[in-house]
Every structure is written in C-alpha cells, then in structure tokens.
Amino acid sequence: KTGSILDAGCATGEFLKAARERGWAVTGIDVSDYAADTARRAHGLDVRTATLEEARFADGAFDAVTAGDILEHTADPLAFLREIRRILKDDGILYLAVPNFASAHYSMMRILARFNHKNYFVLPHHLYHFSPRTVQRLLEKAGFTVTKRVLTESAIQETGMRQLIMQVIFFLGRVTGKQDRIVLIAGKKR
C-alpha cells in the first residue's frame, strides 16, 4: 500500500523521489544542509534540515519510516528509535538498515587494524556498532516487534586487487551467514 513516508537521513532524496513516483506522500530529514538543499532543488521534495527530534513531527504522522545507515551515527539510538515509534501510526512500519559489526567483513577489518593501526570503523562518524542480536534487542527495548530480518551486503566500491579481496570476504560472509549489512522491518509492539 501507499501512504505517508518519512526518510530519516534522506541525503539528496533519491529514495523519496522514487517513493513519490509510486504514490507515496513523502517527507525527508537530513542534518546536511547541502544534501537537504539538493533534495529540495533537484526534486522539489519536502526535506527539512534537522535531526529527527528537532523536526517535531506529530504523533502518528507516518505510515512508514525508513532509516538506512543512520542509527550508527546517532548520539542516542534508543531515543531515536523511540521518536520513530512515536511518529509512526499504530500499524506503521519501520525499515532500518545498519552495518553488521558481527560480519566477516568487520572481523577481517578488526584483524587488519591490529597490524596497520588504520581506522576501518569510520570513527568518529560511527558512534555505535551493531550485531543482529544487539540491534534487535534495541528495537524491542524501544517498543518495536521485528517482523523480518535480512542479512545482505554492501556494494563493493573497490577496484583491482582490493575488489577481488572484498569479493572473497563477501563470499565468506554469504557462506557463513555473516554478511555486512542488517536490514530489519519492524512494527509497534501492541
């Protein structure tokens, strides 16, 4: 079905543009002035430059909220999820995607970091790291019931030998069930 959707961390609005073309009433928020302005100018979208809490949406304002690759950047993930719960309709759904810190990819990065002391964990931008278990527990604590969980993998941005290494790591992740992304669909606990 269609309805009203909020994309939290909407960047330049590509997802919202596609959702609008499919009949959704769309709203976005992003903390980046550049991204929000681009979404407004390029696509004519209702995008606010704000955090979720600053936007002050009404209770039950949305049928769906998407939050892809944003939870790990928030100062208080539990408060962020509770705010989403507040602004979702009673039968609303949350789409949440986060990096999987328990993945083969992150395991390899932890090993490499011991030897070359590089920052593979996007610090200080990623304030939190999640495993499938910890993100599900956090959602439950925030008042959600997870209805679907999928492990998937990121797109490989590397080229040459690095691309080959990433393909091997991602293959190991698929074989072991430890892909590098967690996608969850959740609804409000009744």
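Predicted, not measured: the structure shown is a model, and the values here were computed from it.

**Student:** Describe a nonpolar patch on the surface, naming the residues involved and giving the relevant values.
**Tutor:** A cluster of nonpolar side chains, contributed by Met 161, Leu 164, Ile 165, Val 168, Phe 171, Leu 172 and Val 175, occupies part of the molecular surface with about 680 Å² of accessible area. Inspection of the secondary structure assignment puts Leu 172 in helix H7 (residues 160–176).

**Student:** If you had to explain the packing of aromatic side chains to someone new, which residues and values would you point to?
**Tutor:** Enumeration over the complete set of coordinates arrives at 2 aromatic pairs. With a centroid separation of 5.0 Å and 85° between ring planes, the pair formed by Phe 57 and Phe 62 is classed as edge-to-face.

**Student:** Pulling in residues and values, what's your account of the sheet that holds strand E6 (residues 144–152)?
**Tutor:** One open sheet accounts for 7 strands, arranged E3-E2-E1-E4-E5-E7-E6; its pairing is mixed. Whereas interior strands pair on both sides, the edge strands pair on one side only; in this sheet they are strand E3 (47–49) and E6. Neighbour to neighbour, the strand axes of the sheet diverge by 15° on average, direction disregarded. Pairing between strand E1 (residues 4–8) and strand E2 (residues 25–30): 5 bridges, direction parallel. The partner of Ile 5 across the bridge, within E2, is Val 26. Of the strands in this sheet, E1, strand E4 (62–68), strand E5 (88–99), E6 and strand E7 (181–188) are in contact with helix H4 (residues 77–87), which crosses E5 at around 150°. Together, E5, E6 and E7 form the strand contacts of helix H6 (residues 132–141), whose direction differs from that of E6 by roughly 160°.

**Student:** Account for the pattern of salt bridges, naming residues and giving values.
**Tutor:** A side chain of one charge can pair with a side chain of the opposite charge when the charged atoms of the two come close. Here the structure, examined in full by the defined rule, presents 11 salt bridges. In this structure, Arg 48 and Asp 46 form a salt bridge, with 3.7 Å as the shortest nitrogen-oxygen distance. Taking relative accessible area as the criterion, Arg 48 reaches 34% and is therefore assigned partly exposed. By relative accessible area, Asp 46 is classed as partly exposed at 35%. In this structure, the salt-bridge partner of Arg 86 is Asp 59, at a minimum N-O distance of 2.4 Å. A residue pair is termed long-range when its members are at least 10 positions apart, and Arg 86 in helix H4 and Asp 59 in the loop between helix H3 (52–55) and E4 qualify at 27 residues.

**Student:** Explain the nonpolar core to me, and be specific about the residues and the numbers.
**Tutor:** In terms of nonpolar packing, the biggest core is built from 30 residues, with Leu 71, Phe 80, Leu 81, Ile 84, Leu 94, Leu 96 and Phe 144 touching the most fellow members. Those elements that provide at least two residues to this core are E1, H3, E4, H4, E5, H6, E6 and E7. Looking at which element gives the most residues to this core, the answer is H4, with 5 residues. Apart from the residues within four sequence positions on either side, Ile 84 is in contact with Leu 52, Val 65, Ala 67, Leu 94 and Phe 144.

**Student:** Go over the pairing of E7 with me, naming the residues and quoting the values.
**Tutor:** Among the 8 residues in E7, 7 count as buried, and that is most of the element. Both E5 and E7 contribute to a ladder of 7 bridges, which runs antiparallel. Counterpart to Ala 97 in the pairing with E7 is Val 183. Where E6 meets E7, 8 bridges bridge the pair, whose relative direction is antiparallel. Within E7, the residue paired with Lys 148 across the bridge is Ile 185.

**Student:** For the environment of Trp 24, give the residues involved together with the corresponding values.
**Tutor:** With respect to the helices and strands, Trp 24 occurs in the loop between helix H1 (14–21) and E2. Separated by 19 residues in the primary sequence, Trp 24 and Ile 5 have C-alpha atoms spaced 6.7 Å apart. For Trp 24, the contacting residues outside a window of four places in its chain are Lys 1, Thr 2, Gly 3, Ser 4, Ile 5, Ala 19, Asp 63 and Ala 64.

The rules we used
Counting starts from 1 at the beginning of each chain's written sequence and moves along it residue by residue. Where local features are concerned, this predicted model is filtered to residues with pLDDT of at least 70; where side-chain atom pairs are given and counted, the filter is 80 or more; whole-chain, interface and lining totals use all residues. To get the side-chain values, all heavy atoms of the structure are used, and hydrogens and water are removed first. Like-charged residues within 9 Å of one another, or nonpolar side chains (Val, Leu, Ile, Met, Phe, Trp, Tyr) within 5 Å, are grouped into patches, provided each residue has over 30% relative accessible area and no salt bridge. Values of accessible area rely on a 1.4 Å probe in the Shrake-Rupley scheme; residue burial ignores everything except the protein chains shown. Salt bridge, as applied in this entry: a Lys or Arg side-chain nitrogen positioned within 4 Å of an Asp or Glu carboxyl oxygen. Comment: elements are numbered from the N terminus, with helices defined as DSSP H or I runs of at least four residues and strands as E runs of at least two. Two aromatic rings, drawn from Phe, Tyr or Trp (for Trp, its six-membered ring), form a pair once their centres lie within 6.5 Å of each other, and the interplanar angle then sorts them: stacked below 30 degrees, edge-to-face above 60, tilted otherwise. Two strands pair if DSSP finds at least two bridges between them. Between N-to-C directions, angles cover 0 to 180 degrees, with each direction set by a line fitted to C-alpha atoms, over the stretch in contact for helices. In this description, contact between two residues means that some pair of their heavy atoms is separated by no more than 4.5 Å. Exposure categories follow from relative accessible area, calculated using a 1.4 Å probe and restricted to protein chains: below 20% of the type maximum is buried, above 50% is exposed, and the middle band is partly exposed. By nonpolar core we mean a set of buried residues, namely Ala, Val, Leu, Ile, Met, Phe, Trp, Tyr and Cys, connected to one another through side-chain atoms within 4.5 Å.

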